[in-house]
Amino acid sequence: MNRLSVIILTLLLVFACASQAIAQNPFASKDRQETVSPSHVQSYPFLAKISIWQQRLNQEMADLTRQARETKSPKPLLLLIIISFVYGVLHAAGPGHGKAVAMSYMVSRDSNLRECVMLGNFIALFHGVSGIILVLIVHFIFQSTVMGSLESLTRTTQIISYGLIALLGIILLAKNFYSWNRRTELEILNHFGCAAEKQRRTLAAALIVGIIPCPGVVLIMLFAMSLHMLWLGLFLAFVMIFGMAATISAVVIAGVTGKNMLLGTLEQKSKAAVVVERTLNMAAALIVTILGLTLLAATV
Amino acid sequence: MKYRLSVSLIFATLLLLVFSQTSFSHPHAFIDNKLTMIFDNEGFAGIRAEWVFDEFFSSMIVGDYDRNQNNILEDSEITAIKKGAFDNLSNFDHFTVIRIGGKPFKVKYVRDFSVALKEGKLIYVFFIPCHVKAILAFKEIVISQYDPTYYADMSLDESQPIIMEGDSGFETSCIIAENPRISYYFGLVHPIETIVRFRLKDE
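Residues numbered from 1 in each chain as written. Chains lettered and ligands numbered in written order. Predicted model: local features only at pLDDT ≥ 70, side-chain atom pairs only at ≥ 80, totals over all residues. Heavy atoms only, no water.

Draft legend 1. Representation of the overall build of chain B in the model. Assigned secondary structure in chain B consists of 3 helices and 12 strands. For chain B, the proportion of its 203 residues judged to be buried stands at 55%. Long-range pairs, those at least 24 residues apart, make up 67% of the contacts in chain B with a sequence separation of at least 6. Carbon and sulfur atoms form 54% of the exposed surface of chain B, whose accessible area is close to 9,100 Å². (Helix = DSSP H or I, 4+ residues; strand = E, 2+ residues; numbered from the N terminus. Buried < 20%, exposed > 50% of the residue type's maximum accessible area, 1.4 Å probe, protein only. Contact = heavy atoms within 4.5 Å. Areas by Shrake-Rupley, 256 points an atom, 1.4 Å probe, with all protein chains shown as cover.)

And the structure:
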């Protein structure tokens, strides 16, 4: 049964991430990478709902920002902060934002909840700050078109990010493979190094995943700047980052908790538990690699 | 054993949910869409699309192209918008999918493009020629507009999604429905289709 569960899980995951593709800005980019796939049976009303909510919040934020500017009262501002947070939560709940990579990365190594939160928070931070920096540089230094710059910078950072994700996956695979062959419990526990080193690695992983500028943050900044409210834009961008951090962390925690629960159902230190854990680690490392490679292939 | 199976199933479902939508953070633009079905003396002439963009995306385009920052789009700025943020959509059939009598009709070109800026929202208006002569038997045209890449989320305007224009000489009907048999963006979204039927009036 254990093996069966693991096999099912692995197959499902590999199958799920086999269908990666990329879509860039159709208003500016020439590439046409996707076509409509007819007669597909799946339906995810979840995504449609997220889009509707996002659209409403987006409109609400625009109205409130204008109100805040005209009335100068704190009430619309307070509402704006709350909505920006929710917008961040929803924005990260949609496709992308490195959730799958982050989750697989954490599942592939022995990680605790603190590290999950750290990874989620830093991915959101890097993702958002990258967007902020892009807007500021393009607007104040180059004074060129944001849409074009966003397009080219996104592409460059995507190539770097996905390449490094693939590399990270390969390293994880190699490490897991190595420890599997060594077969000593102590080795398995220690092969990812001490706490400080783990922390550094988590940060590096967050940087790799989060370096791509967040278009949501870019748009919030641009909108605020169009009303000559740069500081409010910056502030709301950070509120939104907090929202995104909550979602990404939650997903990573869910993944690691799922893994721990699965292992918890097995007898501690039984042979089966060790096999399942190692298989899960290997599968997750394999998925990081596949995600990196497929995303890279779709971008280049 | 049962517990173990259910835990692993829950875990697998969660993973599937996350991974099935693993791609890129979309949508970024929201378009409120109004379609006018235009008839001429002979039958169906084409569709006039009016796209109202959300204020965030609008502010990006306006920031990029309203060079003198007067919040009015002059002719030269409109030409620049057309070149920089519209013409490329021809690679995507202008997000328009049409079937005439069940057969696909490829949108090769559009005309009469104009841009306006109203209350912070950018509005694109353009005409998609698609001539279908009316006869005594009903003819059916199915139109949907969506961005297959889901960069932009398009939804029909709630108050007045479809307008019929110049159809007095014909017997017409118009239905709006989601088509579950077609999906896009990794099978995550279904298009909303407008089904127009028309024929010559018996006289």
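Draft legend 2. Summary view of the overall build of chain A. When helices and strands are counted, chain A shows 11 helices and 1 strand. Its helices and strands taken in sequence order, chain A reads α-β-α-α-α-α-α-α-α-α-α-α from the N to the C terminus. Evaluated residue by residue, chain A yields a buried proportion of 53% over its 300 residues. For chain A, contacts bridging at least 24 residues in sequence account for 80% of all contacts bridging at least 6. Entry remark: accessible area of chain A is about 13,500 Å², with carbon and sulfur atoms responsible for 70%.

Draft legend 3. Representation of the side chain of Glu193(B). Residues and elements named next belong to chain B. Mapped onto the secondary structure, Glu 193 falls in strand 12 (residues 192-200). Taking the relative accessible area as the measure of exposure, Glu 193 reaches 5% and is therefore buried. Within polar-contact distance, the side chain of Glu 193 engages the side chain of Arg 99 at 3.3 Å. A distance of 3.1 Å separates the side chain of Glu 193 from the side chain of Asn 179, its partner in a polar contact. Apart from residues lying up to four places away in sequence, Glu 193 is in contact with Arg 99, Val 142, Ile 143, Ser 144, Ile 175, Ile 176, Ala 177, Asn 179 and Ile 182. (Polar contact = N/O pair within 3.5 Å; in protein donor to acceptor, adjacent residues only side chain to side chain.)

Draft legend 4. Molecular detail of the environment of Ala206(A). Residue placement: Ala206(A) occurs in helix 8 (residues 195-210). For Ala206(A), a relative accessible area of 0% gives the class buried.

Draft legend 5. Region of the structure containing the sheet that holds strand 7 (residues 139-145) of chain B. Residues and elements named next belong to chain B. If you trace the 5 strands from one edge of the open sheet to the other, you get 4-3-7-12-10, paired in antiparallel fashion. If you trace the sheet from one side to the other, it starts and ends with strand 4 (103-105) and strand 10 (170-178), each paired once. The average angle at which neighbouring strand axes cross in this sheet is 25 degrees, direction not considered. Relative to strand 4, strand 3 (residues 96-100) runs antiparallel, the two sharing 3 bridges. Its bridge partner lying in strand 4, Ile 98 is registered against Phe 105. (Pairing = 2+ DSSP bridges. Axes fitted to C-alpha atoms, helices over the stretch in contact; angles between N-to-C directions.)

Draft legend 6. Structural view of the packing of helix 5 (residues 113-142) of chain A against helix 8 of chain A. All names here are of chain A. Where helix 5 meets helix 8, the closest approach of the two axes is 8 Å, and the angle between their N-to-C directions is 35 degrees. Once helix 5 is placed against helix 8, the crossing between them reads as right-handed. When helix 5 is examined against helix 8, the residues Arg 114, Glu 115, Met 118, Leu 119, Phe 122, Ile 123, Phe 126, His 127 and Ser 130 are found in contact with a partner set consisting of Lys 198, Gln 199, Thr 202, Leu 203, Ala 205, Ala 206, Leu 207, Val 209 and Gly 210. Classifying every residue of the contact of helix 5 with helix 8 by side-chain character gives 10 nonpolar, 5 polar and 3 charged. (Left-handed = near helix turned anticlockwise from the far one by under 90°. Nonpolar A, V, L, I, M, F, W, Y, C, P; charged D, E, K, R; others polar.)

Draft legend 7. Seen up close, unusual backbone geometry. Residue and element names in this part refer to chain B. With phi around 60 degrees, Asn 71 is a residue other than glycine that occupies positive phi space. Topologically, Asn 71 is positioned in the loop between helix 2 (55-65) and helix 3 (75-85). Given a relative accessible area of 52%, Asn 71 falls into the exposed group. If you check the backbone angles, Glu 119 has positive phi at about 50 degrees while not being a glycine. Structurally, Glu 119 is set in the loop between strand 5 (111-118) and strand 6 (121-133).

Draft legend 8. Here's a closer look at the pairing of strand 6 of chain B. All names here are of chain B. As defined by bridge partners, strand 2 (residues 43-53) adjoins strand 6 across 9 bridges and the pair is classed as antiparallel. Within strand 6, the position partnered with Arg 48 by the bridge is Phe 127. Looking at chain direction, strand 5 and strand 6 are connected through 6 bridges and run antiparallel. Residue pairing for strand 6: Ala 116 is matched across the bridge by Ile 123. Two successive antiparallel strands, strand 5 and strand 6, enclose a turn made up of 2 residues, where Glu 119 displays a positive phi of approximately 50 degrees.

Draft legend 9. Expanded view of the side chain of Thr36(B). Inspection of the secondary structure assignment puts Thr36(B) in strand 1 (residues 29-39). Those residues in contact with Thr36(B) that lie beyond four places of it in its chain are Gly46(B), Ile47(B), Arg48(B), Ile163(B) and Glu165(B).

Draft legend 10. View of the environment of His91(A). Residue and element names in this part refer to chain A. Locating His 91 in the fold gives a position in helix 3 (residues 74-93). Look at His 91 and you get buried, because its relative accessible area is 4%. Through-space distance from the C-alpha of His 91 to that of Gly 120 is 14 Å; in sequence the pair is 29 residues apart. Within the local environment of His 91, its side chain forms a polar contact with the side chain of Gln 54, the two groups lying 3.5 Å apart.

Draft legend 11. Broad picture of helix 9 (residues 215-226) of chain A. Residue and element names in this part refer to chain A. Compared with an ideal rise of 1.5 Å per residue, which puts 12 residues at 16 Å, helix 9 spans 16 Å between its outermost C-alpha atoms and is within 8% of the ideal. The buried fraction of helix 9 is high, at 11 of 12 residues. Three or more residues of helix 9 are buried, namely Pro 215, Gly 216, Val 217, Val 218, Leu 219, Ile 220, Met 221, Leu 222, Phe 223, Ala 224 and Met 225. Phi for His 228, located one or two positions after helix 9, is positive at around 60 degrees. (Expected span 1.5 Å × (residues − 1).)

Draft legend 12. Summary view of the environment of Arg67(B). All names here are of chain B. Within the fold, Arg 67 resides in the loop between helix 2 and helix 3. When its relative accessible area of 52% is taken as the criterion, Arg 67 is described as exposed. Separated by 118 residues in sequence, Arg 67 and Tyr 185 place their C-alpha atoms 35 Å apart.

Draft legend 13. Geometry of the nonpolar core. Core analysis: the largest hydrophobic core is formed by 111 residues, its most contacted members being Phe27(A), Phe44(B), Trp51(B) and Tyr124(B). Take this core: its biggest share by element is 11 residues, from helix 10 (residues 230-264) of chain A. Residues Tyr146(B), Tyr150(B), Tyr185(B) and Val189(B) belong to the second largest nonpolar core, which totals 7 residues. (Core = buried A, V, L, I, M, F, W, Y, C linked by side-chain atoms within 4.5 Å.)

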